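Observations on chain architecture
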Amino acid sequence: MNDSFERRVRDAEGRKKIFENRVKYILFFLTVFGAFLTMWDKCAHLFQTTPPDDTRKQFVDTPTTPIRNFRSRHPRATKAMSSTLAHTPRPILPQALPKDLSQAPPQGAPRVSPQSPPQTPLEILYADNTEFALLSAVGSVGAQTIKMTMVLKTSAANWQIAEEVQSIIDDEGNEYRMRSYMNGATGSNPFIQLTTEVPIKCTYTFEGVLPGIRAIKLFKFLYFGRHSSLSEVEFRDIPITWR
């Protein structure tokens, strides 16, 4: 009986010791884990915190040893440099002028070059409801030619004429035959298509003209007009521009 009681007492004491040991292990683990969390929080706070302003100012404003030595050895030079820097004017940066957005072309729009004013004709004649304007008489020194440039414009309904230009006569009585012509975009067809109020340019080149000739006395523009009758307009005393 006594042996049974003592065995139960020993078993109870053993279980008590096991329980106490477990409690000690748990408390030790909690203590170590709490210390680890405290250290982790301090480290994280240290990495996220920037140095104070005084520390940054100390690193930026602290002069190096060579500069400090120079200032101590040459006080007048240091004072002169400081005075020069203080009185040096700051550069004035150019300011962009305000742009008038109303005059700016839209983005992606093609650039349009300014158009030159229309050339003033040397002489204008009228016949058959058509305007015959002589723009220029340009001579080529090297080629010894003269090019007559005309612009025709009709106020009548659309129709056509057939030019019969043959020659020009200078102020000394010399006659020069036509070498080539361009009626609009063609140089092989004497017919000129006239569209109402639409100008068309024609050129006529005459050969064998010497640079000493200063003016053309007569340029007769012959053409077959309405009813297939031969008509003409005459330009006189035409100055020559030599090039």
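Residues numbered from 1 in each chain as written. Predicted model: local features only at pLDDT ≥ 70, side-chain atom pairs only at ≥ 80, totals over all residues. Heavy atoms only, no water.

**What to know about the overall build of the protein**
Regarding its fold elements, the protein presents 4 helices and 11 strands. Looking at the 243 residues of the protein, the share that counts as buried comes to 22%. The long-range fraction of contacts in the protein, counting pairs at least 24 apart against all pairs at least 6 apart in sequence, stands at 61%. (Helix = DSSP H or I, 4+ residues; strand = E, 2+ residues; numbered from the N terminus. Buried < 20%, exposed > 50% of the residue type's maximum accessible area, 1.4 Å probe, protein only. Contact = heavy atoms within 4.5 Å.)

**Here we look at the pairing of strand S5 (residues 167–170)**
In the sheet, S5 pairs with strand S6 (residues 175–183) via 3 bridges, with the strands oriented antiparallel. Pairing of Ile169 across the sheet is with Glu175, part of S6. Hairpin connection between S5 and S6: a loop of 4 residues separates the two successive antiparallel strands, and Gly173 in this loop has a positive phi of roughly 90°. Both S5 and strand S9 (residues 215–224) contribute to a ladder of 3 bridges, which runs antiparallel. Bridged to Ile169 within S9 is Leu218. (Pairing = 2+ DSSP bridges.)

**Section: the side chain of Asp170**
Relative to the assigned elements, Asp170 resides in strand S5. For the buried Asp170, no salt bridge is present, and the opposite-charge side chain at shortest range is Lys217, 10 Å distant. Separated by 2.9 Å, the side chain of Asp170 and the backbone nitrogen of Glu172 make a polar contact. Within the structure, the side chain of Asp170 is placed 2.6 Å from the side chain of Tyr176, a separation counted as a polar contact. (Lys, Arg positive; Asp, Glu negative; His and termini not counted. Salt bridge = Lys/Arg side-chain N within 4 Å of Asp/Glu carboxyl O. Polar contact = N/O pair within 3.5 Å; in protein donor to acceptor, adjacent residues only side chain to side chain.)

**Some words on the environment of Glu197**
Checked against the element boundaries, Glu197 lands in the loop between strand S7 (191–194) and strand S8 (200–207). Along the backbone, Glu197 and Thr154 are 43 residues apart, and their C-alpha atoms lie at a distance of 5.7 Å.

**Side note on the packing of aromatic side chains**
Summed over the entire model, instances satisfying the criterion amount to 7 aromatic pairs. Relative to Phe221, the ring of Tyr204 lies with its centre 5.9 Å away and its plane at 70°, an arrangement referred to as edge-to-face. With Tyr204 in strand S8 and Phe221 in strand S9, this residue pair connects regions lying 17 residues apart in the sequence. Classification of Tyr204 by relative accessible area gives buried; the value is 0%. Measuring from ring centre to ring centre gives 5.9 Å for Phe219 and Phe235, while their planes differ by 20°; the resulting arrangement is stacked. (Phe/Tyr/Trp six-rings, centres within 6.5 Å; stacked < 30°, edge-to-face > 60°.)

**Some thoughts on the confidence of the model for the protein**
Considering every residue of the protein, the mean pLDDT works out to 80; 68% of them sit at 70 or more. Scored below 50 in pLDDT, residues 55–64 shows 4 contacts in the model against residues more than four places distant or in partner chains. (pLDDT = per-residue confidence, 0-100.)

**Brief notes about the nonpolar core**
Counting 33 residues, the largest nonpolar core has Phe132, Met148, Leu152, Tyr204, Phe219 and Phe221 as its most contacted members. Excluding residues within four positions of it along the chain, Met148 makes contact with Leu134, Ser136, Ala137, Ile168, Cys202, Thr203, Tyr204, Phe206, Ile216, Phe219 and Ile238. (Core = buried A, V, L, I, M, F, W, Y, C linked by side-chain atoms within 4.5 Å.)

**Things to note about the pattern of salt bridges**
Using the criterion set out here, one finds 3 salt bridges in the structure. The residue Asp237 makes a salt bridge to Lys217 at a minimum N-O spacing of 3.0 Å. Of the two residues, Asp237 sits in strand S10 (residues 230–239) while Lys217 sits in strand S9, which places them 20 residues apart along the sequence. By relative accessible area, which is 49% here, Asp237 ends up partly exposed. For the salt bridge of Glu234 with Lys220, the shortest nitrogen-to-oxygen distance reads 3.9 Å. Remark: Lys220 occurs in strand S9 and Glu234 occurs in strand S10; sequence separation between them is 14 residues. What makes Lys220 partly exposed here is its relative accessible area of 29%. Members of the salt-bridge network, linked through shared partners, are Lys220, Glu234 and Arg236.

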